[in-house]
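Listed below are the residues making up each chain.
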Amino acid sequence: MSMTKFELQRNSFGKLILTNDAGEVFEGVVPVRAFPIQSPLVGISMVLTDGREVAWINELSDLSDNARNLVMEELEGREFMPEISHIKGVSSFAVPCTWSVSTDRGETEFVLKGDEDIRRIGATSLLITDNHGIQFLIRDMFEIDRHSRKILDRFL
């Protein structure tokens, strides 16, 4: 398994093709982050559909611009985790309730079914899962604005 020494391209069907430094060609590789929340740009495995790892990326910055762009495109297409920047309001402090939030992907509303759908990730991050299974990230609950923090405190 090579350490970021490979070429990457898309075939006509949009699948990623990885060619390692030994000349082996792997079609349909998928990038998978080792630490998607805490270190999203470090430790990315390139795996086949059967889960077999064919390459490892220590840091995205180790890749050529073309390969880095392809990996990021693929990750963004597979991972959908809006990051909450502000909680505008909640319909109730009892669950289920509707949250109105601002995210890095725009304004939205979602339904929180239960308190157990808010999980701590590390010391400062929260993962909130809505009634459709979409996960929203609060990267640092101590850095979010005062209004949002007051709302969060009622649920934690």
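Visitor: Please give an account of the environment of Leu8 that cites residues and values.
Guide: Tracing the backbone shows Leu8 in strand 2 (residues 6–10). For Leu8, a relative accessible area of 5% corresponds to the buried category. Between the C-alpha atoms of Leu8 and Ala67, which are 59 residues apart in sequence, the distance is 5.5 Å. Ignoring any residue separated from it by four or fewer positions in sequence, one finds Leu8 in contact with Leu16, Ile17, Leu18, Val29, Met46, Asn66, Ala67, Leu70 and Val71.

Visitor: Describe the sheet that holds strand 8 (residues 97–103), naming the residues involved and giving the relevant values.
Guide: Pairing is antiparallel in the open sheet, where three strands are placed in the order 7-8-9. With partners counted over all chains shown, the strands left at the sheet margins are strand 7 (84–90) and strand 9 (106–112), one partner each. In this sheet, neighbouring strand axes are inclined to one another by 30 degrees on average, regardless of whether the strands run parallel or antiparallel. Bridge count between strand 7 and strand 8: five bridges; the pairing is antiparallel. Opposite His86, over in strand 8, you have Ser102 as the bridge partner. The strands that helix 2 (residues 146–155) touches are strand 7, strand 8 and strand 9; relative to strand 7, the one it contacts most, it runs at about 70 degrees.

Visitor: How would you explain the sheet that holds strand 11 (residues 125–129) if you had to name every residue and give the values?
Guide: With antiparallel pairing, three strands are arranged side by side in an open sheet as 10-11-12. Two strands close off the open sheet at either side, each with one partner strand: strand 10 (118–121) and strand 12 (135–138). Neighbour-to-neighbour, the strand axes of the sheet open up by a mean angle of 25 degrees, direction not taken into account. Of the pairings in the sheet, the one linking strand 11 to strand 12 comprises four bridges and is antiparallel in character. Note that in strand 12 the partner of Leu126 across the bridge is Ile138.

Visitor: So what about the pairing of strand 11? Which residues, and what values?
Guide: With five of its five residues buried, strand 11 lies for the most part within the structure. Every second residue of strand 11 is oriented toward a common face, with Ser125, Leu127 and Thr129 on one face and Leu126 and Ile128 on the other, all of them buried. The pairing of strand 10 with strand 11 spans four bridges and is antiparallel. By the bridge assignment, Ile121 is partnered in strand 11 with Ser125. Counted between consecutive antiparallel strands, the loop separating strand 10 from strand 11 contains three residues, among which Gly122 sits at a positive phi close to 70 degrees. The turn joining strand 11 and strand 12, which pair antiparallel and follow one another in sequence, is formed by five residues; a positive phi near 90 degrees is taken by Gly133.

Rules used throughout
- Residues numbered from 1 in each chain as written.
- Predicted model: local features only at pLDDT ≥ 70, side-chain atom pairs only at ≥ 80, totals over all residues.
- Heavy atoms only, no water.
- Helix = DSSP H or I, 4+ residues; strand = E, 2+ residues; numbered from the N terminus.
- Buried < 20%, exposed > 50% of the residue type's maximum accessible area, 1.4 Å probe, protein only.
- Contact = heavy atoms within 4.5 Å.
- Pairing = 2+ DSSP bridges.
- Axes fitted to C-alpha atoms, helices over the stretch in contact; angles between N-to-C directions.

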